[in-house]
Amino acid sequence: MGGEGGGTALVLGGGGLTGVGWECGILYGLARAGVDLTTADLVVGTSAGSVVGAQLTSGLLTPQELYERQLGKAEGEAAAKLGAGLIARYAVAMARSRTGTAYRQRVGAMALAADTVGEDERRGILAARLVSHEWPERRLVVTAVDALSGELKAFDRQSGDGLLDAVSASCAVPGVWPPVTVGGRRFIDGGIRSATNADLAADHARVVIIAPMSLGSGLVPSPAAQAERLREAGARVLLITPSPAARKAFGRNVLDPARRDPAARAGLAQAAEHVAQAAAVWSGGAV
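None of the values given here were measured: they were computed from a predicted structure.

J.: Help me understand the overall build of the protein in this model?
T.: Of regular secondary structure, the protein possesses 11 helices and eight strands. Compactness check: the protein gives a C-alpha radius of gyration of 17 Å against a globular reference of 19 Å for 287 residues, within 12% of the reference. With respect to the three principal axes, the spread of C-alpha positions in the protein is 50 × 40 × 40 Å. Every one of the 287 residues in the protein was classed for burial, and the buried ones make up 54%. Accessible surface for the protein amounts to roughly 11900 Å². Of this, 50% is attributable to carbon and sulfur atoms. Separation of charge centres in the protein, based on 29 positive and 27 negative side chains, amounts to 7 Å.

This is the structure in C-alpha cells:
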C-alpha cells in the first residue's frame, strides 16, 4: 500500500534511555539542517520512541528544546539494567517458540512473574518525563504487547486510553519494569514484537525510521527487514541506525540515565550523515 497511499510517517524505535537521547539528537540535527520531521502525518513510537514521539507531537517543545532536555545530569532516575541472566531468558523463550506470538506470550508470562517496582512508581517516573499527558492533535500511535495474548496493541487518540498509560505500557521492559494495566489488561514493551513496528506506517508513501536498536531475529523482524517490506510496497524509506561512534556513546547499559547525554550528543553529530537522504525522502524526491 505504501506506493498507493500518501503522506509522511516518522517511526521512532525502542532502545532504552540512550535511545531516547540519540533519537532526540538525530531529530534536532536534521531539523537544524532544514529537515523537520515534526511535520509527519503519522508518528509511530515504540518504547523509547513512544517517549520521544509523545514529546515531539505535543507542540510544547521544538526539536532543539527536546534535545536540550537530554543534556546534563539525569535527576530522579535510577539506573536499571538488562542483565546477562535476563537476556539469556529472552533467548530461551525465543528458542522454545515457533511463532512470534508464542514468543511474546512466553516473555509476557516472565514479565508477569518478575519481582519489580510497583506500577504506580514506574508510572510516576514516566509522568515526570512527559511534557503533556494529553494525546496530540497530530496522529501518534504508541505500541505495546498484551502480556497474556502476545498480540500487538496500537494505542492512539481513538483507542480511549490515556497517553500516559500507553507510554508506560510501551516502555514496560519485561523483567525490568512491571507490566502496565490498561483497561483491565496487562501490557509489556512494544519492542518485544519489533524494535520499530514500522509496518504500522504501511499506508504512507514517505517514511523515516529512526532505530536505536538494529537487530532482529526470525521471530522479531529487524528494522532493516521492515524497511525493505515498506520499500517493496512502493514507499520511499530511510532507515537510520546508530553509527559506531553512537554505539560507543551508548555504553554497555542502555537503561543508564547517565548515558543519555552522550547518546544525544552522538545523535546530533551523526545527523549530518543523513541530511541529504532525509530531505529526499521527506520531499518525495529521488533517494
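Once the structure has been displayed, the description carries forward.
J.: Please explain the layout of surface pockets as it appears in this structure.
T.: Of the pockets and cavities examined, the largest pocket occupies roughly 1300 Å³. Lining the largest pocket are 47 residues, and of these Leu82, Tyr90, Val173, Met213 and Val254 lie nearest its centre. Among the elements of the structure, α1 (16-32), α2 (48-56), α4 (84-95), α6 (119-129) and α9 (244-250) are those that each provide at least two residues to the lining of the largest pocket. Partitioning the lining of the largest pocket into residue classes produces 29 nonpolar, 10 polar and eight charged.

J.: I would appreciate a short explanation of the packing of aromatic side chains in the present structure.
T.: Under the definition given, this model contains three aromatic pairs. The interplanar angle of 80° and the centroid separation of 6.3 Å between the aromatic rings of Trp22 and Phe250 together place this pair among those described as edge-to-face. Highlighted residues: Trp22 in helix α1 and Phe250 in helix α9, separated in sequence by 228 residues. Each of the two residues, Trp22 as well as Phe250, counts as buried.

J.: So what exactly am I meant to see when it comes to the pattern of salt bridges here?
T.: Pairing is possible between side chains that carry opposite charge, provided their charged atoms lie close to one another. A full pass over the atoms with the stated rule returns nine salt bridges. Among the ionic pairs, Arg139 bridges to Asp156, the shortest N-O distance being 3.3 Å. Placement of the pair is Arg139 in strand β3 (residues 139-146) and Asp156 in the loop between β4 (152-155) and α7 (163-170), with a sequence separation of 17 residues. In this structure Arg139 comes out as partly exposed when scored by relative accessible area, which is 40%. Take Asp156: its relative accessible area is 12%, and that puts it in the buried class. For Arg265, the salt bridge identified is with Asp261, shortest N-O distance 2.6 Å. Of this pair, Arg265 and Asp261 are both found in helix α10 (residues 260-271), four residues apart, which corresponds to roughly one turn of the helix.

J.: Explanation requested: unusual backbone geometry in the structure shown.
T.: What you tend to see is this: most non-glycine residues have negative phi, and most peptide bonds are trans. Even without glycine at this site, Ser47 takes up a positive phi of about 55°. Within the secondary structure, Ser47 is located in the loop between β2 (42-46) and α2. One non-glycine residue, Asn197, lies in positive phi territory at about 50°. Topologically, Asn197 is positioned in the loop between β6 (185-189) and β7 (206-210). Note on Asn197: relative accessible area 0%, which makes it buried.

J.: Help me understand α2, please; the structure alone is not making it clear to me.
T.: α2 sits mainly inside the fold: nine of its nine residues count as buried. All buried positions along α2 are accounted for by Ala48, Gly49, Ser50, Val51, Val52, Gly53, Ala54, Gln55 and Leu56.

Reading the values: rules and limits
Residues numbered from 1 in each chain as written. Predicted model: local features only at pLDDT ≥ 70, side-chain atom pairs only at ≥ 80, totals over all residues. Heavy atoms only, no water. Helix = DSSP H or I, 4+ residues; strand = E, 2+ residues; numbered from the N terminus. Rg over C-alpha atoms; globule rule 2.2 N^0.38 Å. Buried < 20%, exposed > 50% of the residue type's maximum accessible area, 1.4 Å probe, protein only. Areas by Shrake-Rupley, 256 points an atom, 1.4 Å probe, with all protein chains shown as cover. Lys, Arg positive; Asp, Glu negative; His and termini not counted. Charge placed at Lys NZ, Arg CZ, Asp CG, Glu CD. 1 Å grid on protein atoms, 1.4 Å probe; cavity = no way out; pocket = protein on both sides within 12 Å on 5 of 7 lines; lining within 4 Å. Points joined across faces, edges and corners; volume = space filled by probe spheres on them. Nonpolar A, V, L, I, M, F, W, Y, C, P; charged D, E, K, R; others polar. Phe/Tyr/Trp six-rings, centres within 6.5 Å; stacked < 30°, edge-to-face > 60°. Salt bridge = Lys/Arg side-chain N within 4 Å of Asp/Glu carboxyl O.

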